[in-house]
Amino acid sequence: MSRSWWLAGCLLLVTIAVILAYPLAESAEGEGFFHPSQIGFWVCLQYSAMAIGMLGVWYAARRSTASQWAAQLKWLLALGVLLRVLLIPVDSYTSNDIKRYLWDGKVALSGYDPYTTPPSSLPLQPLHSDWSPPPEHNAYASLYPPLAMASFTAAATAGPQWAPWIWKILVSLANIGLLFVGFGILRQINQQRHLPLLALSPILIFEGGIAAHLDIFSALAVAIAVLCWLRGRLLVAGAAIAAGVLLKLLPVVLLPVMWVLLRQWRLRWQLLTGFLLALLVGYGGAFAVGWEPIGILFEFFAKWRFGSPLFALLDNTLPTLARQLAVMILAVAGIWCAARIGRQDPLAGFAVALATPLLLSPVVFPWYLSVLVLFSAIRPNLFLLLWLLLLPLSYEVLGSWLGAGVWQPANWVLVVVACGWLVAAGQILLKRRLFINSFHQSL
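Presented here is an overview of the structure given in this document. (Residues numbered from 1 in each chain as written. Predicted model: local features only at pLDDT ≥ 70, side-chain atom pairs only at ≥ 80, totals over all residues. Heavy atoms only, no water.)

## Focus on a negative patch on the surface
No. 1: A contiguous patch of negative charge, built from Glu26, Glu29, Glu31 and Asp91, is present on the exposed surface.
No. 2: Inspection of the secondary structure assignment puts Glu31 in the loop between helix H2 (21-28) and helix H3 (39-63). (Patch = residues over 30% accessible without salt bridge, like charges linked within 9 Å, V, L, I, M, F, W, Y side chains within 5 Å. Areas by Shrake-Rupley, 256 points an atom, 1.4 Å probe, with all protein chains shown as cover. Salt bridge = Lys/Arg side-chain N within 4 Å of Asp/Glu carboxyl O. Lys, Arg positive; Asp, Glu negative; His and termini not counted. Charge placed at Lys NZ, Arg CZ, Asp CG, Glu CD. Helix = DSSP H or I, 4+ residues; strand = E, 2+ residues; numbered from the N terminus.)

## Re the pattern of salt bridges
Proximity of charged atoms lets side chains of opposite charge pair with each other.
No. 1: Overall, the coordinates contain 5 salt bridges when judged by the stated rule.
No. 2: Here Arg305 and Asp315 are joined by a salt bridge, their closest N and O atoms 3.4 Å apart. Highlighted residues: Arg305 in the loop between helix H15 (297-303) and helix H16 (309-317) and Asp315 in helix H16, separated in sequence by 10 residues.
No. 3: Residue class for Arg305 comes out partly exposed when judged on its relative accessible area of 32%.
No. 4: Note that Arg379 and Asp345 form a salt bridge whose closest N and O atoms lie 2.6 Å from each other. With Arg379 in the loop between helix H19 (370-378) and helix H20 (382-390) and Asp345 in the loop between helix H17 (320-344) and helix H18 (346-360), this residue pair connects regions lying 34 residues apart in the sequence. (Buried < 20%, exposed > 50% of the residue type's maximum accessible area, 1.4 Å probe, protein only.)

## Re a nonpolar patch on the surface
No. 1: Residues Trp162, Trp165, Ile166, Ile169, Leu170 and Leu173 make up a contiguous nonpolar surface patch of roughly 560 Å² in combined accessible area.
No. 2: Within the secondary structure, Trp165 is located in helix H8 (residues 159-188).

## Some words on the packing of aromatic side chains
No. 1: With the rule as written, the count across this model stands at 27 aromatic pairs.
No. 2: Ring centres of Tyr101 and Phe152 lie 4.7 Å apart, and the angle between their planes is 10°; this geometry places the pair in the stacked category. Taken together, the residues Tyr101 in helix H5 (residues 97-109) and Phe152 in helix H7 (residues 146-156) connect sequence positions 51 residues apart. Per residue, the accessibility class of Tyr101 equals that of Phe152, and both read buried. (Phe/Tyr/Trp six-rings, centres within 6.5 Å; stacked < 30°, edge-to-face > 60°.)

## Focus on the packing of H16 against H17
No. 1: Packing of H16 against H17 leaves a shortest axis separation of 9 Å and a crossing angle of 145°. Contacts between H16 and H17 involve Phe311, Leu314 and Asp315 on the former and, on the latter, Arg323, Val327 and Leu330. (Axes fitted to C-alpha atoms, helices over the stretch in contact; angles between N-to-C directions. Contact = heavy atoms within 4.5 Å.)

## Regarding helix H14 (residues 265-288)
No. 1: With 24 residues, H14 should cover 34 Å at 1.5 Å per step; its first-to-last C-alpha distance of 33 Å lies within 8% of that length.
No. 2: For H14, every residue scored as buried is listed here: Leu267, Arg268, Leu271, Leu272, Gly274, Phe275, Leu279, Gly282, Tyr283 and Ala286.
No. 3: In the segment just after H14, Gly290 is the residue with positive phi, at about 95°. (Expected span 1.5 Å × (residues − 1).)

## Quick word on H20
No. 1: All of the buried residues along H20 are Leu384, Leu385, Leu386, Trp387, Leu388 and Leu390.
No. 2: Two or three places before Phe383, at the opening of H20, Asn381 has a side-chain oxygen 3.2 Å from that residue's backbone nitrogen. (Polar contact = N/O pair within 3.5 Å; in protein donor to acceptor, adjacent residues only side chain to side chain.)

## Observations regarding the packing of helix H13 (residues 254-261) against H18
Helix packing geometry: the angle between the two helix axes and the distance between the axes.
No. 1: Between H13 and H18, whose axes approach to 9 Å, the crossing angle comes to 150°. Comparing their axes, H18 and H13 come out roughly antiparallel. Along this stretch, H13 crosses H18, giving a crossing that reads as right-handed. Contacts between H13 and H18 involve Leu254, Val257, Met258 and Leu261 from the former and Pro346, Gly349, Phe350, Ala353 and Leu354 from the latter.
No. 2: Of the residues in the contact of H13 with H18, the class split is 8 nonpolar, 1 polar and no charged. (Parallel < 35°, antiparallel > 145°, perpendicular 65-115°, else oblique. Left-handed = near helix turned anticlockwise from the far one by under 90°. Nonpolar A, V, L, I, M, F, W, Y, C, P; charged D, E, K, R; others polar.)

Structural data, given as structure tokens:
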């Protein structure tokens, strides 16, 4: 098959996967071609088709000559932007988080503390007619950090009719920003051939375009921090990490790794100063307006379980105290490994640091991996790619959820993801063995 036909076929598959979002959104409301109980299957198929198309374009890019690939960068960036914009009008059918975001924003606008006032509270009942949160959220106050809450509040000022549109546009702009900042990083390290893994990522395109998850903003903050690190702008890098923490807590793990990798105390203090100043502004502002910006984060992780094979194994085999101790030890070991790896390859160290909490978390929804997509393009490896491609199979739960209102995730998804990890681990061990054998033969 000629290269042009290969590319055309892959891009057609990508296009079909994106367009499929429109009938799926209608079907999720019971008005489309598919029955709601079938949505889980079709979403899994949609993600898989998009992933195959992305990998096909990536393969073609790696086989291209330097001149051919240089000519294709612009159209690939343009296609990445177009696909993100095309999904703005699509109603979310994979998650109802948009409703929760805007609810929290409206609560804040109304003068209540969203961190201490759950939707079921009596004073908030008048808001339910126009800003109804997901019913399963009624008993729980918010858990989102201050900058996230500020963004929800800003979108909610548009009113119940236009706020969802405003939010989706904001997330799409952040997604486009992530694409271009990521491209800047790839160009800085001369890895532009891996751009398809970022531009056509199913996680970024669908989780940003359809479900409009907050995690896209956090991933953008991480990308800015990495780019500033590469360019030696450590004060801004620290502030970007803090911005990520003020959106989602995960990016905080970058700070200790970057701190260790910096050899000069002057540079370390620049990084830390930027981080602390931005964090102080964020949390100081939240306390100043009367919020208690902690929320139900600990309760969330204590009660919810989803998409985490390693935590499921620990949870089912160890008593509570032993499990908590094991998680703490593994977390410290993971950050230590990230620092060790970072001494040889800082970007790979950053990826390990960000992956460690997600590997150990009791809850890992597909959009949580948004922050790792950039690193799958910076340092492509089988472990990250399989994790990003297999975890969206957890959307099979949408069939029972939309069809019968029953939330019952299947265990086979955890098995498939764990098998993907084992395959990647096997590849690493095989490469190391081949290297050792080659070394001995040379002696």
